[in-house]
Amino acid sequence: FEFDRTPEGAAYIIMEYLAGDSLRLRLQKQPSQVQQKALLYSRQMAAALAATHRKQVIHRDLKPDNIMLVEDAEAPEGERVKILDFGIAKLANSDTERATSVKTRTGQLLGTPTYMSPEQCRGTEVLDDKVDVYAMGVLLYEMLAGRTPFGKGQPGAMLLHQVNTRPRPVAELRVEIPPAVEAVVMKALAKDRNFRFGTAT
């Protein structure tokens, strides 16, 4: 909301105060409630990401720790999703129409392996809004199934799974999930970025 320096010269920044739970905490404390609201939360996340992608900003580190659930009487069911920590976000070049030319330096891996897209894990490719779509697919899978597509493991093994292993269909873990919902999850988790959704469209 504001930034400046104090009379003594110390820099400060004033940000929005958020009173609520992280998605990580909610998954631990109330997993069944998260399952029931998974589509609601995902829709709000997708809307927020679409807005940032239209501004050519790619988050690159979506995970439950960076999602806050705060009370808001004007939001559906009284809760609003807030996406936090754009610390490793990237801006596309100003001469591109969409966020399609953001590159990491070769070999540089940024993100959390459990939620990283295959192209992030390889560390050698152009990154665009589809990396956030993949992470959203992981988040939706986790909210619905109570676990991430590849469970827990060492970072190196997780990177290999993200690149090479097809996720177990989420409906095998929760048979009551409608086929249409499973199709959305699996499309978001496509290894080939060209087969995923584009949030800015």
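Data block above holds the structure.
Figured I'd write up the structure that's included with this text.

Rules used in this analysis
- Residues numbered from 1 in each chain as written.
- Predicted model: local features only at pLDDT ≥ 70, side-chain atom pairs only at ≥ 80, totals over all residues.
- Heavy atoms only, no water.
- Salt bridge = Lys/Arg side-chain N within 4 Å of Asp/Glu carboxyl O.
- Helix = DSSP H or I, 4+ residues; strand = E, 2+ residues; numbered from the N terminus.
- Buried < 20%, exposed > 50% of the residue type's maximum accessible area, 1.4 Å probe, protein only.
- Phe/Tyr/Trp six-rings, centres within 6.5 Å; stacked < 30°, edge-to-face > 60°.
- Lys NZ or Arg CZ within 6 Å of the ring centre and 35° of its normal.
- Patch = residues over 30% accessible without salt bridge, like charges linked within 9 Å, V, L, I, M, F, W, Y side chains within 5 Å.
- Areas by Shrake-Rupley, 256 points an atom, 1.4 Å probe, with all protein chains shown as cover.
- Pairing = 2+ DSSP bridges.
- Axes fitted to C-alpha atoms, helices over the stretch in contact; angles between N-to-C directions.
- Contact = heavy atoms within 4.5 Å.
- Core = buried A, V, L, I, M, F, W, Y, C linked by side-chain atoms within 4.5 Å.
- Parallel < 35°, antiparallel > 145°, perpendicular 65-115°, else oblique.
- Nonpolar A, V, L, I, M, F, W, Y, C, P; charged D, E, K, R; others polar.
- Arc of directions from axis to C-beta.

With that settled, consider the pattern of salt bridges. Across all of its chains, the model carries twelve salt bridges by this definition. Among the salt bridges present, the one from Glu-16 reaches Lys-82, with a minimum N-O distance of 3.3 Å. One end of the pair, Glu-16, is in the loop between strand E2 (11-14) and strand E3 (20-22); the other, Lys-82, is in strand E6 (residues 79-83), and 66 residues separate them in sequence. A salt bridge links Glu-79 to Lys-37; the nearest nitrogen and oxygen atoms lie 3.4 Å apart. Pair noted here: Glu-79 is in strand E6 and Lys-37 is in helix H2 (residues 31-54), with a separation of 42 residues, a long-range link. There is no split in this pair, since Glu-79 and Lys-37 are both buried. Connected through salt bridges with shared partners, the residues Asp-21, Arg-26, Lys-37 and Glu-79 form a single ionic network.

A separate point is the packing of aromatic side chains. Throughout the structure, instances matching the rule amount to zero aromatic pairs. Sitting over the ring of Phe-197, Lys-187 keeps its end group 4.6 Å from the ring centre.

Glancing now at a nonpolar patch on the surface. Together, Phe-1, Tyr-12 and Ile-14 make up an exposed nonpolar region whose accessible area comes to about 350 Å². With respect to the secondary-structure elements, Phe-1 resides in the segment before strand E1 (2-5). Judged by relative accessible area, Phe-1 falls into the exposed class, the value being 78%.

Turning our attention to the sheet that holds strand E5 (residues 67-71). Spatially, the three strands line up as an open sheet ordered E3-E5-E6, and their pairing is antiparallel. The outermost strands of the open sheet, each flanked by one partner alone, are E3 and E6. For this sheet, the mean angle separating the axes of adjacent strands, direction not counted, is 25°. Sheet topology places E3 next to E5; three bridges connect them, and they run antiparallel. The residue of E5 that forms the bridge with Asp-21 is Leu-69. Those strands touched by H2 are E5 and E6, and its axis lies near 45° from that of E6.

In this section: the nonpolar core. One finds Leu-23, Met-45, Leu-62, Ile-67, Met-143, Leu-144 and Val-185 to be the most contacted residues of the largest nonpolar core, which totals 31 residues. Elements represented by at least two residues in this core include exactly helix H1 (23-29), H2, E5, E6, helix H4 (130-145) and helix H7 (179-188).

The next subject is the packing of H2 against H4. Orientation of H2 relative to H4, taken along the N-to-C sense of each, is 170°, at an axis distance of 9 Å. Taken together, H2 and H4 sit at an angle that is classed as roughly antiparallel. Within the contact between the two elements, H2 uses Val-34, Gln-35, Ala-38, Leu-39, Tyr-41, Ser-42, Met-45, Ala-46, Leu-49 and His-53 and H4 uses Asp-132, Met-136, Leu-139, Leu-140, Met-143, Leu-144 and Ala-145. Classifying every residue of the contact of H2 with H4 gives 13 nonpolar, three polar and one charged.

Let us now look at H7. By the burial criterion, the buried members of H7 are Val-181, Glu-182, Val-185, Met-186 and Ala-188. Looking straight down H7, one finds that the buried residues subtend no more than 160° of arc, so they occupy a single side. In this structure, H7 carries Pro-179 and Ala-180 as exposed residues pointing more than 90 degrees from its buried face. Against H2, H4 and helix H6 (170-173) lie the buried residues of H7.

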